[in-house]
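Architecture and fold: a report
Below are the chains, spelled out letter by letter.
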Amino acid sequence: MLQAIAFSLPAASRPEYHFNEHSGAVCCLERSPFFRDILLSVGGWSFNIWREGAKNGALIKSCSSSVPLTGGTWSPTRPGVFFITKLNGNVDVWDLMDRSHEPSLAQNVSSMSITAVVPWPLTAKKLMLAVGDSGGTLHILEVPWSLSQASTNEVTVMEAFFDRELKRMEFAAERAVVRERERKAVLESKSQEQEESAPDNWEERAKKDYQDYLAMENALLIDLGLRDSPKDE
């Protein structure tokens, strides 16, 4: 399992924290051009979106892909859009303003693995995508207008989105701690109840066992006619 490690510069003698998130080599780690504390990491069969300084994990974790991922990059024109490349020659376009559980567009570009992807704003209204594959072929694509043109308040909306995800993650971490405390409290309570319901010491237990034995012996002797029952007396 690959580990994501954060260092504090310039005194980077040891990592501040690390996470086991990717099941393969990390092939991409890129900052958002709109938010300097937001990063995209791609590795193995998944990608994650991180916030620098958040020590509880990734803000967004993708589901495991059916094929390995080979790279990724942010859109230079839209804060909520990024591109993910795959081993099977596909390019997925993710739009967090639209949905976060699946790509908004999946395009097969080549029959070979995608090795490079570079978005380039050709004009103010046209975003091009350069895609290279393992066979050495360069593919030039035009990104659809809806995935290249940002709305007037998209930066504000995406900033609120990342803030909300950070609060959700922190709340989940706090609830996990609370639930663990509650679980331990329940176990301790049950253990205490069992101790209180049990005899205080071995002498009391031995005395109780002896009294039970005498009662059983007396009942047996009465049944055998070797001892009169209390009624006969």
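Per chain, residue numbering runs from 1 following the sequence as it is written. Local features are withheld for residues below a pLDDT of 70 in this predicted model, meaning they are given only at 70 or higher, and side-chain atom pairs are given and counted only at 80 or more; totals for whole chains, interfaces and linings count all residues. With hydrogens and water set aside, each side-chain value is computed from the structure's full complement of heavy atoms.

A short note on the nonpolar core
Throughout this description, the term nonpolar core refers to a set of buried Ala, Val, Leu, Ile, Met, Phe, Trp, Tyr and Cys residues connected via side-chain atoms within 4.5 Å. For the exposure calls, accessible area comes from a 1.4 Å probe over protein chains only, and a residue counts as buried if that area is under 20% of its type's maximum, exposed if over 50%, partly exposed in between. Grouped together as the largest cluster of nonpolar side chains are 21 residues, with contacts concentrated most on Leu40, Phe47, Ile49, Phe82, Ile84, Leu96 and Phe162. Helix and strand definitions follow DSSP, with helices as H or I runs of at least four residues and strands as E runs of at least two, each counted in order from the N terminus. Elements that contribute at least two residues to this core include exactly strand S4 (38-43), strand S5 (46-51), strand S7 (69-74), strand S8 (81-86) and helix H2 (154-197). Looking at this core, the element that brings in the most residues is H2, giving five residues. With sequence-adjacent residues up to four places away left out, isoleucine 84 is seen in contact with Leu40, Val42, Phe47, Leu69, Gly71, Gly72, Asn90, Val91, Asp92 and Trp94. In terms of nonpolar packing, the next biggest core, distinct from the first, is built from 12 residues, Phe83, Val109, Val131 and Val143 among them. Contacts between residues were defined by any pair of non-hydrogen atoms, one from each residue, lying within 4.5 Å.

So, the sheet that holds S7
Strand pairing requires that DSSP identify at least two bridges connecting the strands. Within the open sheet, the four strands sit side by side as S7-S8-S9-S10. Their pairing is antiparallel. Of all the strands in the sheet, the pair left with one neighbour each is S7 and strand S10 (105-108). For this sheet, the mean angle separating the axes of adjacent strands, direction not counted, is 20 degrees. Axis definition: a line fitted to C-alpha atoms, over the contacting stretch in the case of helices. Angles run 0 to 180 degrees between N-to-C directions.

Comments concerning the pattern of salt bridges
The rule for a salt bridge is simple: a side-chain nitrogen of Lys or Arg has to be within 4 Å of a carboxyl oxygen of Asp or Glu. All chains considered together, the criterion is met by 12 salt bridges. Salt-bridge contacts for glutamate 21 lead to lysine 61; the nearest nitrogen and oxygen are separated by 3.2 Å. Of this pair, glutamate 21 sits in strand S2 (residues 17-22) while lysine 61 sits in strand S6 (residues 60-61); the two residues are 40 residues apart in sequence, bridging distant segments of the chain. Among the salt bridges present, the one from glutamate 165 reaches arginine 168, with a minimum N-O distance of 2.9 Å. Here glutamate 165 pairs with arginine 168, and both are found in helix H2, just three residues apart, close to one helical turn. Taking relative accessible area as the criterion, glutamate 165 reaches 15% and is therefore assigned buried. Relative accessible area serves as the criterion here: at 43%, arginine 168 is assigned to the partly exposed category. When salt bridges with common partners are traced through the structure, they connect Asp37, Arg51 and Asp163 into a single cluster.

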